[in-house]
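# Residue-level structural notes
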Amino acid sequence: MRQLFANRTSSILLQEKCDEADEKSVSKQKPGDESGNTVVVAPPEFRFMYPEFLPDPAMERRNRLKEKLERIDMLQRRSVVEIPEFYTGSVMAVTVADANSPNKFARFVGICIQRGGSGLRAWFILRNVVDKQGVEILYEMYCPLIQKIEVLRLERRLDESLLYLRDALPEYSTFPLDMEPERRLNNSVVPINPLKVKLRPRPWLERWERQNLQGVEDLNLPQRFYDKAEKVAKPWEKYDLMLQYRKTIPAEEQEKIFSDVHSQLQQQEFKRKMRRRRGTDNEQ
Amino acid sequence: MLSIVFHKRRRLVRRLFFNHEQVRTMSRVKRRTTHPPYWHVLKNNQRQDEKISSDNLRFVREVIQDKYKNKSPIKGSDLDIEKKEWDPKTKRSGVIARNIGVQHMWEKDGKKVVCTVLHVLDNHVIRYVPPEEYAKSIIGAKVFRNRKPLGCLVVGAEAANPDRFTRQYCSLFNEVGLLPKKRLARFIVTPNAVLPPCTPLTAGHFVVGQAVDVYGKTIDYGFQGVVKRWGFKGGPASHGATKFHRRGGTIGTGRDKARVWPGQKMPGHMGSERRFCRGLKIVRINMKYNVIYVKGTVPGPTNSIVQIFDTLLPRRKFTEAPPHPTYFPPEDGTLPQEDIWDSNMHVFGSPSIPV
């Protein structure tokens, strides 16, 4: 499965957290181009907040017109349902229309362990432990059956993919199904939870010692596992510029894409805020 | 579809369109050619790296612009040929499009549907070959050997700079006065669906909800082994198998007819073959960008050229008249509806599906 975030961006994530002092989502204004007009550019955080707007980097399958049309459709869907900003490690609740459940809507709360896909195919997986049984559900973000997506706790973890929670102790994946949304103290920075998870004793589903995981406690394996991991490792990949280039969309294109999308998303957010305020005013 | 023609001397004649099942038994038949038919003119300019000064280059561009600037698209009222009535046996022109990718859409009950996005390029009719003349040509003679001949419309798509083509190829477009097109295609039409040269064809030529056939060249996989090409199971991955994991195994019996039969499945070139996908339903048309969304997938990789026609399948043909002979935008200047959806599809801006 394709990784949306290249390895180098995980280090940039930590750097940006330190650099950010201003309020987030303030759009920058580029110095004027030849015609003298200022060009409004989306803030660089957009590529982490809305990664599904970036297309699949494989050049053979790219087409600008199709990406543009897909983006229009995505924004249309977002105008109806609020798809909030979330990251792997955030706890979310999704309400889906379900013909088979008693009140016709099924609500599931879980931690986002992985997200992927681009465009209308974007998906994320939520994990929870219900009645001592681990449950994972893959949701397609733009499916019209989804009624509501709420982020109960917005935070990041030390890894981009939390699949190791399947081999971890169940308390790390358990979240109450009636969990209330938590208010964030500092709105501009998304906190990184430095939690180190304890894994159950082996056998495991994957060879976690080979994956350079940050969010896992010391695995305490016999030395032969680490020796084999070193033999199999590809340490040259972090120096391979072309590999990273092929896995990501160039910065100039990203700017173009997000400057298109930025103004519309801001408008939608504004409308939602007004609706919410009007809603609270009416209640009062 | 053609049927195979056996001459008295049992010489196999090359067919134009193949049934995939029958191909396995026709080993001596050539399935693909790398060269165009001999009656085609040389298309691409053979000269390369011509050292031309920037002034001369500017002059050449001005000449090209002057030559081609005065053509305007034909309106419905300008049609020379009197508008003929549509009847269920009419064959309309088709359209040349580019497969720009695949998009997921959802139906009103929440079911996901994989749709191919087809971008209708700048199609223009180049010329019309009347039935009598077409029946005398080599392909026309084969196609209409035992039936009443129909006409042939030559349609071109994707205008390009005349510099990249030869003079003979550009001369094909001299009568019409259009910029030479990168791609040409023939569409068989009944005489009542004829269009005059220079008529533009757009996405509006089709109707949302109709079925279309899409013709294209499949993905070229190159030289492929027997497992991928023919779906053989190969051999065991372990248990002592020596160098026998993806091979074909036995290719014949020992006694009876002791030889390898023609048509034995073996490794070879796979893909890059002309195929039709029949009966695909159009679920959405975007008139502004000239884009058609078709339910299902289409032969060929992304960004390849395909041809779209009204379907041959008898149960999915038109019952009501479509835009005949083609769609012309309304003359009173009112713009058509930009995005037309099939009644079964969930429109993205509409509220979420409850149940």
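Identification of chain B as Large ribosomal subunit protein uL3m from Daphnia magna is taken from an unreviewed UniProt entry. The UniProt entry for chain B carries this comment under Sequence similarities (unreviewed entry): "Belongs to the universal ribosomal protein uL3 family."

As recorded in an unreviewed UniProt entry, chain A goes by the name Large ribosomal subunit protein bL19m, listed as coming from Daphnia magna. According to UniProt, the comment filed for chain A under the heading Subcellular location (unreviewed entry) is "Mitochondrion". As its UniProt record puts it under Sequence similarities (unreviewed entry), chain A is described as follows: "Belongs to the bacterial ribosomal protein bL19 family."

## Quick look at the packing of aromatic side chains
The final tally for this structure, using the stated rule, is 15 aromatic pairs over all chains. Considering the side-chain rings of Phe46 of chain A and Tyr50 of chain A, the 5.1 Å spacing of their centres and the 65° angle between planes classify their relative orientation as edge-to-face. Tyr50 of chain A shares its class with Phe46 of chain A; the two are buried. Where Phe187 of chain B meets Phe309 of chain B, the ring centres are 5.5 Å apart and the plane angle is 75°; that geometry is what we call edge-to-face. Taken together, the residues span a long stretch of sequence, with Phe187 of chain B in strand E5 (residues 181-189) and Phe309 of chain B in strand E12 (residues 304-310) at a distance of 122 residues. Here Phe187 of chain B falls in the buried class, since its relative accessible area comes to 1%. Members of the aromatic cluster, joined through ring pairs, are Phe46, Tyr50, Phe53 and Phe258 of chain A. Here the basic side chain of Arg156 of chain A rests over the ring of Tyr87 of chain A, its NZ or CZ set 4.6 Å away from the ring centre. One Lys or Arg, Arg278 of chain B, reaches over the ring of Phe276 of chain B and ends 4.1 Å from the middle of that ring.

## A few points about the sheet that holds E5 of chain B
What links the strands of a sheet is backbone hydrogen bonding, and the strands pair in either a parallel or an antiparallel sense. Residues and elements named next belong to chain B. The 4 strands lie next to each other as E5-E4-E3-E6, forming an open sheet whose pairing is antiparallel. The sheet is open, and its two edges are formed by E5 and strand E6 (200-201), each paired on a single side. Bridge count between strand E3 (residues 123-129) and E6: 2 bridges; the pairing is antiparallel. What sits directly across from His124, in E6, is Pro200.

## Here's the deal with the interface of chain B and chain A
Contacts between chain B and chain A engage 28 residues on the former and 29 residues on the latter. Counting the surface lost from both chain B and chain A, the interface buries some 2,300 Å², and carbon and sulfur atoms represent 60% of this. Summed over the shared surface of chain B and chain A, the result is 2 salt bridges. A salt bridge links Glu140 of chain A to Lys112 of chain B, with the nearest nitrogen and oxygen atoms 2.7 Å apart. Summed over the shared surface of chain B and chain A, the result is 11 residue pairs in polar contact (both at pLDDT 80 or more). For the side of chain B that touches chain A, the elements supplying multiple residues, two or more each, are strand E1 (95-106), strand E2 (112-120), strand E10 (274-286) and strand E11 (291-295) of chain B.

## Some details on the pattern of salt bridges
Scanning all chains against the criterion turns up 26 salt bridges over all chains. A salt bridge links Arg78 of chain A to Glu52 of chain A, with the nearest nitrogen and oxygen atoms 2.5 Å apart. Residue Arg78 of chain A is found in helix H3 (residues 64-80), and its partner Glu52 of chain A is found in the loop between helix H2 (46-49) and H3; the two are separated by 26 residues along the sequence. Take Arg78 of chain A and Glu52 of chain A: they sit in the same class, and that class is buried. A salt bridge links Asp213 of chain B to Arg278 of chain B, with the nearest nitrogen and oxygen atoms 2.8 Å apart.

## Details of the pairing of E3 of chain B
All names here are of chain B. Within E3, 5 of the 7 residues are buried, which leaves the element mostly enclosed by the surrounding structure. When E3 meets strand E4 (residues 151-159), the two strands line up antiparallel, connected through 5 bridges. Within the sheet, the bridge partner assigned to His124 lies in E4 and is Gly156.

## Side note on H3 of chain A
With 17 residues, H3 of chain A ought to run about 24 Å at 1.5 Å a step, and its terminal C-alpha atoms sit 25 Å apart, in line with that. Sitting at the head of H3 of chain A, Asn63 of chain A places a side-chain oxygen 3.1 Å from the backbone nitrogen of Leu65 of chain A.

## Looking at the domain arrangement of chain A
Residue and element names in this part refer to chain A. For chain A, the assigned domains are domain 1 (38-83 + 249-279) and domain 2 (85-225). Each of domain 1 and domain 2 has a C-alpha centre, and these two points are 24 Å apart. Between domain 1 and domain 2, the contact holds 17 residues from the first and 16 residues from the second. When domain 1 packs against domain 2, the two sides together hide about 1,400 Å² of surface, and 56% of this comes from carbon and sulfur. When the buried surface of domain 1 facing domain 2 is broken down by residue, Glu52, Arg77 and Ile83 rank first, second and third, together holding 42% of it. Along the contact surface separating domain 1 from domain 2 lie 1 salt bridge. The partner of Arg115 in a salt bridge is Glu52, and the shortest N-O contact between them spans 3.1 Å. Here domain 1 is connected to domain 2 by 7 residue pairs in polar contact (both at pLDDT 80 or more). Those elements that place two or more of their residues in the side of domain 1 that touches domain 2 are H2 and H3.

What counts, and at which threshold
- Residues numbered from 1 in each chain as written.
- Chains lettered and ligands numbered in written order.
- Predicted model: local features only at pLDDT ≥ 70, side-chain atom pairs only at ≥ 80, totals over all residues.
- Heavy atoms only, no water.
- UniProt positions renumbered as here; feature names shortened; annotations may be inferred.
- Phe/Tyr/Trp six-rings, centres within 6.5 Å; stacked < 30°, edge-to-face > 60°.
- Buried < 20%, exposed > 50% of the residue type's maximum accessible area, 1.4 Å probe, protein only.
- Helix = DSSP H or I, 4+ residues; strand = E, 2+ residues; numbered from the N terminus.
- Lys NZ or Arg CZ within 6 Å of the ring centre and 35° of its normal.
- Pairing = 2+ DSSP bridges.
- Contact = heavy atoms within 4.5 Å.
- Buried area = accessible area lost by both parts, 1.4 Å probe.
- Salt bridge = Lys/Arg side-chain N within 4 Å of Asp/Glu carboxyl O.
- Polar contact = N/O pair within 3.5 Å; in protein donor to acceptor, adjacent residues only side chain to side chain.
- Expected span 1.5 Å × (residues − 1).
- Domains from an automatic or database assignment.

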